[in-house]
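# What the coordinates show
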Amino acid sequence: MPKFPLFLTALLASAVLAISGCSAGGAGAGADTSTLALAAAVDNDTFDPAQLSGGQKDNYWQAVYDTLLKLNYQTMQPEPNVATKWSYNDDKTVLTMTLRDDVKFSDGTPLTADVVAKNAIALRDGKGPNGYMAASLADATAPDPTTVVYKFSAPDPAFLGYLTTTAGAVANPKAIGTPQIATTPSGSGPYVLDTAATIPGTSYTFTRNPHYWNRIAFPYDKVVITPIVELSARLNALKSGQVQGAIIETAGIDEAKASGLQVKSQSVDWRGLMLADRNGTRTPALKDVRVRQAINYALDKNSYLANIERGHGKPTTQIFLPGSPGYVDALDSRYPYDPAKARQLLAEAGYAGGFDLVMPAFDYRSGVQPVMVQQLAAVGIRVRIESVVPDQYNSVMKAGKYSAFWMQLTSGDPWRNAQKTLPAPSAWNGFRVDDPEVTRLMETARRAYGDDGAYAKAMGDISTYVVENAFFAPWYRIDSFYATDGSVDFTFSAWATSPEIRTYHPTQ
């Protein structure tokens, strides 16, 4: 079985830490396994596997959809789940997987290889946020009920990892492509959505799937997920016992600890600006690399980290995590805070008098937005902020309405990070900028997959090119925090801000 990136083993060991004590045991005698109640920082927007967003919305779909593979958190390798074994051909353009023969959807319909193949094609053609996971998929077929064959136009170094996440979620063939799948999922996962007890936007209730093949792996009879946007409300829900687990932000750490809540953290996401309009379609100045570099120099990343995140993170200029193929340590000091250098670059690019830039409103609680606007104004970039409906922020940014915008994106597998942000068709390349050098570098990395040294060099070349050409203006890698009331424990996934549903269990 081809290996999953080994850097994640070291990453998880070094990144996950206990801020305050957290029990590590499983369900003891008398443990309450009736209900697992969680708070999510965002609402769910769809249950359609072809349109899933992932990130903080993972728990919603994980309740109803099983994945073909699952991630072993000790070895950080994919291991069997719905698929029992797999193998590649010599050039890694054909992946053959064998499936369990006893998996059923919640209505009793058997899960077969043909259904798995149809889901893969739906993901590829659905133009959803995670469509990049199937971008290299040429075809998926089922020679028999338990064998699925994936054929790729070129090797995909992250595909096995994708099958442990949203790309591995399989929907009932009766639901694929129907409008109902967005609100009424039909999967083969451990739970089913109880529509009678669910109020979208308020609370989602999941009860056991009577046909699930691996019941013992999920101790809870019911899961309730409540979207609670405000941090203070999430903390109050934890302290009052309304919920047992929730993502919290840096501003809530002290209160959580003082209240006796248990907190774990790991570094997953980067925050900063995406300089999307690199063709200068809406903002001609951004076509010049010197202007984009000037934006990087104009922003004081260290002060943002110290004042907003209280130092919980590390300044960065790149989208790859330390220890991963592609991370280049020297790049993180490429753009120190230097307003004079920013003004010099703007003048060299013909913008000594500055230019106007429209950006969307973001990050309403931290107060960083006016500071960023002030620092850009100090070098001549006049930013006008427009209001955006928070629930529509991601979709509007992907549509190419704004030339530059703030974003928080997960940094996991480096190929995954590159795929979702760099190629012209990718979800976060809203202006569809087609850079021939990016294409060449990514093809080199594809072909190097399987040779650890060559692959790491090729991914490093991608990171160097992206940083030097200022595709983004990252500020820092942020530590992500998750708090529980002490009645449950969990294991972090290496690239997720919240634990997978399958890792929750009562404390002893």
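The rules behind each value
Residues numbered from 1 in each chain as written. Predicted model: local features only at pLDDT ≥ 70, side-chain atom pairs only at ≥ 80, totals over all residues. Heavy atoms only, no water. Pairing = 2+ DSSP bridges. Helix = DSSP H or I, 4+ residues; strand = E, 2+ residues; numbered from the N terminus. Axes fitted to C-alpha atoms, helices over the stretch in contact; angles between N-to-C directions. Parallel < 35°, antiparallel > 145°, perpendicular 65-115°, else oblique. Left-handed = near helix turned anticlockwise from the far one by under 90°. Contact = heavy atoms within 4.5 Å. Nonpolar A, V, L, I, M, F, W, Y, C, P; charged D, E, K, R; others polar. 1 Å grid on protein atoms, 1.4 Å probe; cavity = no way out; pocket = protein on both sides within 12 Å on 5 of 7 lines; lining within 4 Å. Points joined across faces, edges and corners; volume = space filled by probe spheres on them. Buried < 20%, exposed > 50% of the residue type's maximum accessible area, 1.4 Å probe, protein only. Polar contact = N/O pair within 3.5 Å; in protein donor to acceptor, adjacent residues only side chain to side chain. Expected span 1.5 Å × (residues − 1). Arc of directions from axis to C-beta. Salt bridge = Lys/Arg side-chain N within 4 Å of Asp/Glu carboxyl O. pLDDT = per-residue confidence, 0-100. Phe/Tyr/Trp six-rings, centres within 6.5 Å; stacked < 30°, edge-to-face > 60°.

### Quick look at the pairing of strand β5 (residues 83-88)
By the bridge criterion, 5 bridges tie β5 to strand β6 (residues 94-99) in an arrangement that is antiparallel. Following the sheet pairing, K85 is matched in β6 by T98. In this antiparallel pair of consecutive strands, β5 and β6, the connection spans 5 residues, and K92 shows a positive phi of 60°.

### Here we look at the packing of helix α8 (residues 301-308) against helix α10 (residues 368-378)
Running from N to C, α8 and α10 cross one another at 165°; their axes reach a closest spacing of 12 Å. Regarding the angle of α8 to α10, the classification is roughly antiparallel. In the packing of α8 onto α10, the handedness of the crossing is right-handed. Each of S303, Y304 and I308 in α8 lies in contact with α10, whose residues at this interface are V368, V371, M372 and Q375. Taken together, the residues of the contact of α8 with α10 break down into 5 nonpolar, 2 polar and no charged.

### Observations concerning the sheet that holds strand β7 (residues 137-144)
As summarised here, the arrangement of the 4 strands in space is β5-β6-β8-β7, forming an open sheet in which the pairing is antiparallel. Each having just a single partner strand, β5 and β7 make up the two edges of the open sheet. Between one strand and the next, the sheet's axes are offset by a mean angle of 20°, whatever the strand orientation. Note: β6 against strand β8 (residues 147-152), 5 bridges, orientation antiparallel.

### Observations regarding empty space enclosed by the protein
As enumerated under the stated definition, the model contains 5 cavities of 30 Å³ or more in all. If you add up the space inside the largest cavity, you get close to 90 Å³. What lines the largest cavity is a set of 14 residues, and nearest its centre among them are N119, A120, Y150, L163 and A167. With 4 residues, helix α3 (residues 113-125) is the single largest residue contributor to the lining of the largest cavity.

### Quick notes on helix α12 (residues 414-421)
A large share of α12 lies buried, amounting to 8 of its 8 residues. Within the sequence span of α12, burial applies to P414, W415, R416, N417, A418, Q419, K420 and T421. Between a side-chain oxygen at the N-terminus of α12 and the backbone nitrogen of W415 the separation is 3.0 Å; the capping residue is D413.

### Considering helix α13 (residues 436-448)
For α13, with 13 residues, the first-to-last C-alpha span of 19 Å sits near the 18 Å given by 1.5 Å per residue. Every buried residue belonging to α13 is among V438, L441, M442, A445, R446 and A448, and all of these are buried. Down the axis, α13 shows its buried residues gathered within 165° of arc, on one side only. α13 presents P436 and R447 as exposed residues on the side facing more than 90 degrees away from its buried surface. Where the residues of α13 are buried, they touch α12 and α14 (452-468). Where α13 begins, one side-chain oxygen reaches toward the backbone nitrogen of E437, 2.9 Å away; that side chain belongs to D435. Of the residues one or two after α13, G450 is the one with positive phi, at around 110°.

### Quick notes on the packing of α12 against α13
The geometry of α12 relative to α13 is characterised by a closest axis approach of 12 Å and an angle of 150° between their N-to-C directions. Handedness of the α12/α13 crossing: left-handed. Packed against α12, whose contacting residues are W415, A418 and Q419, the element α13 presents M442, A445 and R446 at the interface.

### A word on the pattern of salt bridges
Evaluated as defined, the whole model comprises 22 salt bridges. In this structure, R334 and E468 form a salt bridge, with 3.0 Å as the shortest nitrogen-oxygen distance. Here R334, found in the loop between β14 (313-315) and α9 (339-348), pairs with E468, found in helix α14; they are 134 residues apart in sequence, far enough to count as distant. On the basis of relative accessible area, E468 is assigned to the partly exposed category, the value being 30%. Linking E386 and R384 is a salt bridge whose minimum nitrogen-to-oxygen distance equals 3.1 Å. For E386, a relative accessible area of 23% puts it in the partly exposed group. Salt bridges sharing common partners tie together R208, R215 and D221.

### A closer look at the confidence of the model for the protein
Counting all residues, the mean pLDDT for the protein is 89, and 93% of those residues have values of 70 or more. Low pLDDT, under 50, characterises residues 1-29; the predicted model gives this stretch 78 contacts beyond four residues in sequence or across chains.

### What about the packing of aromatic side chains?
Applying the stated rule across the entire model yields 24 aromatic pairs. Aromatic side chains Y212 and F218 sit 5.6 Å apart centroid to centroid with 75° between the ring planes, which places their arrangement in the edge-to-face category. Of the two residues, Y212 and F218, neither departs from the other in class, the shared state being buried. Where F490 meets Y504, the ring centres are 6.2 Å apart and the plane angle is 50°; that geometry is what we call tilted. Here the residue F490 occupies a position in the loop between β19 (488-489) and β20 (505-506), and Y504 occupies one in the loop between β19 and β20, the gap between them amounting to 14 residues. Grouping residues by exposure puts F490 and Y504 together as buried.

### Considerations on unusual backbone geometry
Backbone geometry places R432, a non-glycine residue, at a positive phi of 55°. Along the chain, the position of R432 falls in the loop between α12 and α13. Phi at A470 is positive, roughly 50°, even though this residue is not glycine. Mapped onto the elements of the fold, A470 is located in the loop between α14 and β18 (472-484).

### Digging into the side chain of R446
Tracing the backbone shows R446 in helix α13. According to the relative accessible area criterion, R446 is buried, its value standing at 10%. Polar contacts involving the side chain of R446 include one to the side chain of S136, which spans 2.6 Å. Here E443 takes part through its side chain, which lies 3.0 Å from a polar atom of the side chain of R446.

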